[in-house]
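One letter stands for each residue in the lines below.
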Amino acid sequence: MAQRWHDLLFAHWPCDPAPLRRLLPARLSLDVRDGCAWVGVVPFVVRGLRLRGLPPFPTAHAFPELNVRTYVTIDDKPGVWFFSLDAASTLAVVGARLGFSLPYFRAAMQAGRVKGEMRFTSVRRGRRRARFAARYRPHGQTFNAVPGSLEHFLTERYCLYAANRAGRLWRAEIQHPPWSLRAASAEIDVNTVAAAARVRLPAGSPLLHFSLRQDVRVWAPVGVGRRFAR
């Protein structure tokens, strides 16, 4: 499928690797840099969501989304592991759960620009309730991450991993241009989405980056090896 991501904030925290490893499938290796794993909380707006060869979905082509993620490798292929994903589209949530075995949740969300800054809120109800509210804005010049840099480690990943209920591990290839990044500042007023996924974030301020737009294609998932055990 194809989609566009707009007004995206990367908020990344360095974390102790040991607790995160316990949340991952055994076959996935947690990527660590300078002794730290990294957890990202990433709000953005999806637009133009469509399946290959079809026009955008009439009722699910534009909506806010929010994910909690870390970074992993298997078979020497680095990728993204999602602890949770919230979206303001029931169709998108159901489709991603069925088609990609991703831990999507329906949430009441709002996102929009006010006086040059993005304002983003998300409220997920139910048994795994979670909230997020932030204001963020870019600063400085646009740049592409240099290979070997921390920014490259955190953003330039071209597949995602997921696991279904039967324990099968999946990989979906992701195609997009290199990220156009800017430095960012943010006021995160509420953030319980990581804790809802049993991920504990440190108390310090996150590393922040902004991207205005990214054009993305996601390919159908394929199985990776045997079933896993946590």
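Residues numbered from 1 in each chain as written. Predicted model: local features only at pLDDT ≥ 70, side-chain atom pairs only at ≥ 80, totals over all residues. Heavy atoms only, no water.

Undergrad: Sorry if this is basic, but what is going on with the environment of phenylalanine 10 here?
TA: Residue position: phenylalanine 10 is located in strand 1 (residues 2–15). For phenylalanine 10, a relative accessible area of 1% translates into the label buried. When the C-alpha atoms of phenylalanine 10 and arginine 213 are compared, they prove to be 13 Å apart, with 203 residues separating the residues in sequence. In contact with phenylalanine 10, not counting residues within four places along its chain, are Val41, Val42, Arg69, Thr155, Trp179, Leu181, Leu207, Leu208 and His209. (Helix = DSSP H or I, 4+ residues; strand = E, 2+ residues; numbered from the N terminus. Buried < 20%, exposed > 50% of the residue type's maximum accessible area, 1.4 Å probe, protein only. Contact = heavy atoms within 4.5 Å.)

Undergrad: Honestly, a positive patch on the surface in this entry has me stumped. Any pointers?
TA: Together, Arg97, Arg127, Arg128, Arg165 and Arg198 make up a positively charged patch on the protein surface. Within the secondary structure layout, arginine 128 lies in the loop between strand 8 (117–124) and strand 9 (130–143). (Patch = residues over 30% accessible without salt bridge, like charges linked within 9 Å, V, L, I, M, F, W, Y side chains within 5 Å. Areas by Shrake-Rupley, 256 points an atom, 1.4 Å probe, with all protein chains shown as cover. Salt bridge = Lys/Arg side-chain N within 4 Å of Asp/Glu carboxyl O. Lys, Arg positive; Asp, Glu negative; His and termini not counted. Charge placed at Lys NZ, Arg CZ, Asp CG, Glu CD.)

Undergrad: Would you explain the pattern of salt bridges in this entry?
TA: Close approach of charged atoms allows side chains of opposite charge to pair. If you walk through the whole model with that rule in mind, you get 10 salt bridges. The residue aspartate 31 makes a salt bridge to arginine 157 at a minimum N-O spacing of 2.8 Å. A residue pair is termed long-range when its members are at least 10 positions apart, and aspartate 31 in the loop between strand 2 (29–30) and strand 3 (37–50) and arginine 157 in the loop between helix 3 (150–155) and strand 10 (159–163) qualify at 126 residues. Classification of aspartate 31 by relative accessible area gives buried; the value is 13%. A salt bridge links glutamate 117 to arginine 119, with the shortest nitrogen-to-oxygen separation between them at 3.0 Å.

The analysis is restricted to geometry; functional conclusions fall outside its scope.
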